[in-house]
Amino acid sequence: FGRNYFGRPSAPEMEDVENAEERARVLAEAAALKESAVDYLHPEVGVTSADGACFGRNYFDRPLAPETEDMEDAEERACVLAEAAALKKSAVDYMHPEVGVTATDGACFGRNYFERPSADEMEEDEFADERAEILEEAAALKKLAVDYMHPEVGVTATDATVFGRNYFNRPSAPETEDEEDAEERARVLAEVAALKKSAVDYMHPELGVTSADGACFGRNFFDRPTAPETEEDEFADERAEILEEAAALKKLATDYMHPEVCVAATDATVFGRNYFNRPSAPKTEEEEDAEERARVLADAAALKKLAIDFMHPEVGVTSADGACFGRNFFNRPSAPETEEEEDAEERARVLAEAATLKKSAIDYMHPEVGVTTTDATAFARNYFNRYSAPETEEDEFADERAEVLAEAAALKKLAADYMHPEVGVSATDATVFGRNYFNRSSAPEAEDVEEAEERARVLAEAAALKKSAVAYMHPEVGVAATDATVYGRNYFNRLSAPEVEDVEDAEERALALADAAALKKSAVDYMHPEAGVTSVDAACFGRNYFSRPSAPETEEVELGEERARVLAEAISLKKSAVDYMHPEVGVTTTDATVFGRNYFNRYSAPEADAPKKQTETPEASGDVAVVKNLAAAVKGANLPSTKSTKLSSSDSDAGVAKKSESSVNLFGLGEVF
């Protein structure tokens, strides 16, 4: 027999029976509430009951349950899903022949994927055997290395007749201990294991003894007839002293290495110096500052927790106190009125349908995005290979079109390079080179340096005259100068400036212009109601222009649609006419699959005729006659050329306005005009 662990003198006081029963009832109610909450949140789990008389309403057959699909629709869907699963399995088997086929039918057979007539050529037996031997040797070396690195794993063998040399008895093995020492060590380890088990049983009597034999009983382990001889008291005392010293040394080393752990003592009379109050200890903060800091940190932690709970009400409140309770945030008396359950369900259905329609519209408008699904049984036909798909062009036409487009791109690039030689040539090949376009043998003759300088001076004078004319015509533009020392008189305040209008006239004119601008804006808004009204005032509102009581009658929907069709056809005809009249513009498209042949180079194009002389109209013939007469007059005037005319300032007559070289030499018409 032995003492009762719970009835020993040093056992803690037990709670009263009433308190224990009250606690048991509270825990039972909490468990029931938790189970009810779990059943409510997870109706799909189902209810498990061992009571045959227990029954309840079915969640899916309740009066408020949504309508379920008919049996025929369910069977049809099951057939479709089964076919989809079979097709998916076939596709997976086809894409992954290395997986292998698993069959439970012994009579099942089929062709070998690797021996089919269209299979790739297999390597010869010699190479296959050589590769197999290399792989086997590599696997054996890997296994040997693993066994060598991890001897503690042990060797697993399923062959009872397998044997091999002992790692520890091999000739090259290091010297092992004698059999007596090994037996002594084994006994020591066995005793330590037994002592550990006895200590665990003594320290944790609440675990109890587990036995599967109902008739099991036991004698005293240490007093049984077959018990081993126990050591003498002297050796036992000696071993106990050694273990105590080792434990004390270990505890001392642990306390030294981890001073932050603190010292736990059960002896009220024990005392010692405090590590933190020793003379050489660093200065610590005062108790008031420490308490203040602790309060600040506690307040901050409480505020942080409160902020998190306020920002995330969906997280819920976790409490380990069964007696803790609180009001529901959504059911409190001051809570705003919520919509009824029927309205909420209706809104949820409407939003779900809208989301489905939006997804369908996006999938229809962007078929190139592809379909993403997590359902392994989902499948679909190919959009481009469906039976109702339009016929696609043949490979020959596609190749022909690709060649035509490539040639057109090359011609376009060549034309662009020819028209813009200043762009330069970009090449990534370091070995590419070419001649200079302007210095080539066939390049046209370039003008002399003198003529180039003369032309530059003429252009500079023309640019200066143009700038002066622009500045004179637009004094409101202002003068831009980068020289800080430049200055000038005010154009409007100079002595010779014309009289300016008074301030009253200026204000009157400003009012008139403002009224005109307002009238113009009203006219534009009236003529273009489709532009919409932009307002930055959130309180701005107005009546609908088209729905006002004085609004004119609008046309019916049919007439509006008819007019829209007529306008669309007119726009299409106008676009076709523009494309026909201007074939050089080219066709711009954002569809990469669109293509077209050249209208003028197509195989069925008629042969082009020489351009016919157009019939001249009276107005055109009159203009031509005027031009011819002017040309004859200029030709008969014997005007000097640009190169031969050189007029200096000494040749000019006195009292005649001085002419610049540009006005004299430009086109050789200086003397005429």
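Nothing here was measured: the structure is a model prediction, and the numbers come from that model.

Draft legend 1. Representation of the overall build of the chain. Of the regular secondary structure elements, the chain holds 13 helices and zero strands. Of all 673 residues assigned to the chain, the portion counted as buried reaches 3%. Sequence separation of at least 24 residues holds for 38% of the intrachain contacts in the chain that already meet a minimum separation of 6. Summed over all atoms, the accessible surface of the chain reaches about 66,300 Å², with 59% contributed by carbon and sulfur.

Draft legend 2. Spotlight on the pattern of salt bridges. This structure, assessed with the given rule, holds 22 salt bridges. The shortest N-O distance in the salt bridge between Asp147 and Lys143 comes to 3.1 Å. Taken together, the residues span about one helical turn, with Asp147 and Lys143 both in helix 3 (residues 125-149) at a distance of four residues. Judged by relative accessible area, Lys143 falls into the exposed class, the value being 51%. Linking Glu184 and Arg187 is a salt bridge whose minimum nitrogen-to-oxygen distance equals 2.6 Å. Of this pair, Glu184 and Arg187 both sit in helix 4 (residues 179-203), three residues apart, which is roughly one turn of that helix. By relative accessible area, which is 41% here, Glu184 ends up partly exposed. Residue Arg187 is classed as partly exposed on the basis of its relative accessible area of 45%. In the salt-bridge network here, residues are joined through shared partners; they are Glu191, Glu231 and Arg239.

Draft legend 3. Broad picture of the confidence of the model for the chain. Chain-level statistics for the chain give a pLDDT mean of 79 and a share of 82% at 70 or above. Residue range residues 641-673 is modelled with pLDDT below 50. Its contacts to residues more than four positions away, or to other chains, number 29 contacts.

Draft legend 4. Quick peek at a negative patch on the surface. On the surface, Glu124, Asp125, Glu126, Asp129, Glu130, Glu133, Glu136 and Glu137 cluster together into a negatively charged patch. In this fold, Glu124 is placed in the loop between helix 2 (71-95) and helix 3.

Draft legend 5. Molecular detail of a nonpolar patch on the surface. A cluster of nonpolar side chains, contributed by Tyr148, Met149, Tyr167 and Phe168, occupies part of the molecular surface with about 550 Å² of accessible area. Examined against the element boundaries, Met149 turns out to sit in helix 3. Note on Met149: relative accessible area 60%, which makes it exposed.

Rules used throughout
- Residues numbered from 1 in each chain as written.
- Predicted model: local features only at pLDDT ≥ 70, side-chain atom pairs only at ≥ 80, totals over all residues.
- Heavy atoms only, no water.
- Helix = DSSP H or I, 4+ residues; strand = E, 2+ residues; numbered from the N terminus.
- Buried < 20%, exposed > 50% of the residue type's maximum accessible area, 1.4 Å probe, protein only.
- Contact = heavy atoms within 4.5 Å.
- Areas by Shrake-Rupley, 256 points an atom, 1.4 Å probe, with all protein chains shown as cover.
- Salt bridge = Lys/Arg side-chain N within 4 Å of Asp/Glu carboxyl O.
- pLDDT = per-residue confidence, 0-100.
- Patch = residues over 30% accessible without salt bridge, like charges linked within 9 Å, V, L, I, M, F, W, Y side chains within 5 Å.
- Lys, Arg positive; Asp, Glu negative; His and termini not counted.
- Charge placed at Lys NZ, Arg CZ, Asp CG, Glu CD.

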